[in-house]
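# Architecture and fold: a report
The chain contents come next:
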Amino acid sequence: MIKDLGSRECIQLLCDNYIGHLAYIAGESPFVIPITYYYDQAHNSIISYSLEGHKIDAMRKNRSVSMEVDEIESVNRWKSVLAHGQFEELSGIDAKNLLHEFSKGVKEIINRKETKKLRFISEFSSKLGAEGTSPIVYRIQLLGITGKQRSG
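Residue positions are given per chain, counted from 1 along the sequence in the order it is written. Thresholds applied to this predicted model are a pLDDT of at least 70 for local features of residues and 80 or more for the giving and counting of side-chain atom pairs; totals over whole chains, interfaces and linings are not thresholded and use all residues. Note that the side-chain values use all heavy atoms of the structure and ignore hydrogens as well as water.

What follows covers the nonpolar core. Counting 25 residues, the largest nonpolar core has Leu-14, Leu-22, Tyr-37, Ile-46, Met-59 and Tyr-138 as its most contacted members. Elements supplying a minimum of two residues to this core: α1 (7–15), β2 (19–26), α2 (54–61), β6 (64–74), β7 (77–90) and β8 (136–151). Leave out the neighbours within four places in its chain, and Ile-46 touches Leu-14, Tyr-37, Tyr-38, Tyr-39, Met-67, Tyr-138, Arg-139, Ile-140 and Leu-142. Formed by 12 residues, the second largest nonpolar core is a distinct cluster that contains Tyr-38, Ile-47, Ala-95 and Val-137. To form a nonpolar core, buried Ala, Val, Leu, Ile, Met, Phe, Trp, Tyr and Cys residues must be joined to one another through side-chain atoms within 4.5 Å. In this scheme, a residue with accessible area under 20% of its type's maximum is buried, one over 50% is exposed, and one in between is partly exposed, where area comes from a 1.4 Å probe on protein chains only. Counting from the N terminus, the helices are the DSSP runs of H or I reaching at least four residues and the strands are the DSSP runs of E reaching at least two. Throughout, a contact is declared for two residues whenever any of their heavy atoms are within 4.5 Å.

Below is the structure:
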């Protein structure tokens, strides 16, 4: 049976995960890509970062985006959330503080949910620095959220 998730359940799904699918428009075409994110409960927003490129260029032109996050156990047991929001590029101390919050939050989720080593986060950081460019830190200010669940 498929049922709607309440707002509290939707937010919990965002809090418990760190991989989502970001949807944005470039020109007249929609794109959906996986991203690593952190949900900032205090500001009801998604925090992430990226290098300059297609995604950042597109979101600067059309700030309306969506993000989907799911937990799939089987065909008959899953949860999915769709959040709509506005892209906001951050800079300076705000960007630095949110990047720190992102890193700390993702590490906590991985420690809680998985047995993977956290080395990949430091590998991201060192790779970004080695390429000579600073990451673009961005926030998606959420405007609406809906969710579905199938359980049996």
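The rest of the description comes next.
For the rest of this paragraph, the subject is the packing of aromatic side chains. Stacked, edge-to-face and tilted labels apply to pairs of Phe, Tyr and Trp rings (six-membered ring for Trp) whose centres lie within 6.5 Å, assigned for plane angles under 30 degrees, over 60, and everything in between, in that order. All told, the structure shown has three aromatic pairs when counted by the stated rule. Pairing Tyr-24 with Phe-31 gives two aromatic rings, centres 5.7 Å apart and planes at 10°, and the pair type is stacked. Owing to a relative accessible area of 4%, Tyr-24 belongs among the buried residues under this scheme. Between Tyr-49 and Phe-102, the aromatic rings sit 5.2 Å apart at their centres with planes inclined by 90°, giving edge-to-face as the arrangement. Note that Tyr-49 is positioned in strand β5 (residues 45–50) and Phe-102 in helix α3 (residues 92–113), a separation of 53 residues in sequence. Accessibility expressed as a relative area gives 17% for Tyr-49, which makes it buried. The buried category is assigned to Phe-102, whose relative accessible area is 5%.

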